[in-house]
Amino acid sequence: MKKLTYGMVGGGPGSFIGDAHRKSINIDGMATLVAGCFSRTPEKCRQTGAELGIDPDRCYASFEEMAKAEAARPDGIDFVVVVTPNVSHYPVCKAFLEAGINVSCDKPLCLTVEEGEALVKLAKEKNLLFLVTYTYMGHVTAKHIRKFIADGKLGKIRTVQAEYPQGWLAYEGEWGGKQGEWRCDPKQSGGVNCLGDLGTHVENAVSRMTGLKIKRVLARMDKLVPGRVLDDNDMVLVEYEGGAVGTYWTSQVAIGHDNDLRVRIYGENGSILWKQEECEKVIMISRDGTIVERHRGNGGIEDCAAAYGRLPSGHTEGWLESMGNLYKSFITCVAAKKEGKPYEIDYPTVEDGLEGVKFVHACLKSNEQGSVWVDL
Ligand SMILES: NC(=O)c1ccc[n+]([C@@H]2O[C@H](COP(=O)([O-])OP(=O)(O)OC[C@H]3O[C@@H](n4cnc5c(N)ncnc54)[C@H](O)[C@@H]3O)[C@@H](O)[C@H]2O)c1
């Protein structure tokens with residue numbers, strides 16, 4: 001495969017996730033960063049560009065300028081990575097899609113259902129590929145669970161219990177620095193904090209692992225730390241199409257929890273327990289109560305999932321590799337499409353991103369109306 005090129009919007013000095021995307025893409029070396037609008041401040045953009053060895057002519061003062069200029073170049077980027085705060089996801093993604101450039105955007109996809117629907121439509125019209133980086137779904141064990149359940153081995157699913165507690169915003173008068181400040185600011189995060197940030201991960205993890213489609217939700221979204229304007233603890237009852245039920249809990253006030261995404265799935269043939277902080281293993285319990293712990297790199301992992309492993313068992317793979325797995329399949333598809341070859345999508349798409357936004361908005365509506373059932 002010929003190495004592709006990409007650009008980045010966001011990921012400037014002191015930012016968090018942009019650097020993780022760059023490192024994850026570098027794991028397999030299938031694409032090179034050649035352009036960017038790393039910050040709204042041109043000086044900071046040039047600083048990051050210089051640190052990363054980017055041609056100063058391809059360090060842009062605005063994402064609009066970057067989309068136009070890259071689309072006009074014969075050697076323009078093959079895809080853009082959008083890693084800005086949530087408020088700008090929609091305009092940035094729209095600009096690059098309109099310019100005919102494939103997109104990778106971090107979650108949540110955007111702020112409103114209308115924006116999400118517009119991005120789905122635009123990507124389809126322009127025939128472009130669109131990855132939404134629900135990072136955890138790149139884990140080999142998560143892919144194993146998806147295949148195991150899709151093959152019907154767990155039987156009909158009866159209930160799902162999923163949660164994503166964190167503790168970093170538990171302290172009164174503290175706003176979690178640069179990353180916490182925009183998350184807690186309605187102008188920059190769209191009227192939702194914790195559920196948009198963590199609940200979309202939970203919604204996507206359950207949806208991708210089980211294939212279940214949410215029919216309706218009943219949500220209670222609280223602001224537990226004095227001074228918070230947006231939710232910092234959310235509890236959601238979920239009913240899926242087909243009759244299964246579930247509960248989701250997300251929190252930023254759960255002191256002692258870091259990135260404790262956990263999914264427990266109970267079907268008629270057994271149960272599956274998965275924790276992202278122990279992502280190298282998955283616990284599978286069969287109908288007679290036998291408990292088996294399957295480990296990445298060892299036998300018993302579905303072939304299509306095991307194929308993403310890079311290291312022998314016991315040499316730990318983690319979060320960066322998981323993001324790298326999403327990019328491995330996305331970049332493979334972008335390259336195949338470029339060469340007119342067939343490709344198979346094995347990553348969360350813009351449609352999955354839209355499902356997350358619909359979930360958040362149904363929960364907001366439920367909460368506003370006094371925690372009543374709201375259809376998706
Ligand atoms: N997939 C995951 O697990 C995961 C984890 C953390 C964050 N995220 C998502 O990643 C996104 C960024 O989060 P973060 O924590 O890295 O934020 P951050 O505040 O650390 O970084 C944001 C960066 O974007 C830049 N920026 C802002 N507006 C811009 C614009 N218009 N043009 C160019 N650059 C601009 C800022 O200067 C900064 O460098 C959010 O949407 C967040 O939800 C995802």
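The rules behind the values
Residues numbered from 1 in each chain as written. Predicted model: local features only at pLDDT ≥ 70, side-chain atom pairs only at ≥ 80, totals over all residues. Near = placed C-beta within 6 Å. Helix = DSSP H or I, 4+ residues; strand = E, 2+ residues; numbered from the N terminus. Nonpolar A, V, L, I, M, F, W, Y, C, P; charged D, E, K, R; others polar. Domains from an automatic or database assignment. Core = buried A, V, L, I, M, F, W, Y, C linked by C-beta atoms within 7 Å. Buried ≥ 20, exposed ≤ 12 C-beta atoms within 10 Å, placed from the backbone. Contact = placed C-beta atoms within 7 Å. Pairing = 2+ DSSP bridges. Axes fitted to C-alpha atoms, helices over the stretch in contact; angles between N-to-C directions.

(A) Quick look at the site of the ligand. Of all residues adjacent to the ligand, which total 25 residues, the nearest are Gly10, Gly12, Ser15, Phe16 and Ile17. Every element with two or more residues in the shell around the ligand is listed here: strand E1 (4-10), helix H1 (17-28) and helix H7 (177-183). The element contributing the most residues to the shell around the ligand is H7, with three residues. Of the residues in the shell around the ligand, the class split is eight nonpolar, 12 polar and five charged. If you count residues domain by domain, the shell around the ligand takes at least three from each of domain 1 (4-128) and domain 2 (146-303 + 356-375).

(B) Highlighting the nonpolar core. One finds Val80, Phe96 and Val103 to be the most contacted residues of the largest nonpolar core, which totals 95 residues. The residues contacting Phe96, other than those within four sequence positions of it, are Ala67, Val80, Ile101 and Val103.

(C) Main features of the sheet that holds strand E2 (residues 31-37). The parallel open sheet is built from five strands, whose spatial order is E2-E1-E3-E4-E5. Whereas interior strands pair on both sides, the edge strands pair on one side only; in this sheet they are E2 and strand E5 (130-133). Here the strands of the sheet are splayed against their neighbours by 20° on average, with no regard to which way each runs. Here helix H4 (residues 89-98) sits on the sheet and contacts E1, strand E3 (79-83) and strand E4 (102-106); the angle it forms with E4, its principal contact strand, is near 170°. Along the sheet face, helix H11 (residues 319-338) touches E1, E2, E3, E4 and E5 and points at about 175° away from the line of E5.

(D) Local environment of the sheet that holds strand E6 (residues 157-165). Spatially, E13-E12-E11-E10-E6-E9-E8-E7-E14 is the arrangement adopted by the nine strands of the open sheet, whose pairing is mixed. Lying at the two open borders of the sheet, with one neighbouring strand each, are strand E13 (291-295) and strand E14 (374-375). Where strand E12 (residues 281-286) meets E13, five bridges bridge the pair, whose relative direction is antiparallel. Each residue of the ladder has a partner; that of Ile285, found in E13, is Ile291. Across the sheet, helix H12 (residues 350-368) lies against strand E7 (214-222), strand E8 (233-240) and E14, angled at about 55° from E7, the strand it touches most.

(E) Quick peek at the pairing of E12. Pairing of strand E11 (residues 270-275) with E12, which is carried by four bridges, proceeds in the antiparallel orientation. Following the sheet pairing, Ile272 is matched in E12 by Met284. Taken together, E11 and the strand that follows it, E12, pair antiparallel across an intervening segment of five residues. Between the end of E12 and the start of E13, which pair antiparallel, lie four residues, with Gly289 showing a positive phi angle near 95°.

(F) Geometry of the domain arrangement of the protein chain. Its domain assignment divides the protein chain into domain 1 (4-128) and domain 2 (146-303 + 356-375). The gap between the C-alpha centroids of domain 1 and domain 2 is 28 Å. Across the contact, 13 residues belong to domain 1 and 14 residues belong to domain 2. Of the residues contributing to the side of domain 1 that touches domain 2, the split by class is eight nonpolar, four polar and one charged.

(G) Highlighting the environment of Asp78. Relative to the helices and strands, Asp78 resides in the loop between helix H3 (63-72) and E3. Using a count of 23 C-beta atoms within 10 Å as the deciding quantity, one classes Asp78 as buried. Between the alpha carbons of Asp78 and Gly299 there is a distance of 37 Å; along the sequence they are 221 residues apart.

(H) Seen up close, unusual backbone geometry. Cis geometry marks the peptide bond from Lys107 to Pro108, where omega comes out at -10°. Mapping Pro108 onto the fold places it in the loop between E4 and helix H5 (113-125). Of note in this structure, Asn127 is not a glycine but carries a positive phi near 55°. Within the secondary structure layout, Asn127 lies in the loop between H5 and E5. Taking the C-beta count within 10 Å as the criterion, Asn127 has 9 such neighbours and is therefore assigned exposed. Even without being glycine, Ser371 reaches a positive phi, approximately 65°. Structurally, the position occupied by Ser371 is in the loop between H12 and E14. Taking the C-beta count within 10 Å as the criterion, Ser371 has 17 such neighbours and is therefore assigned partly exposed.

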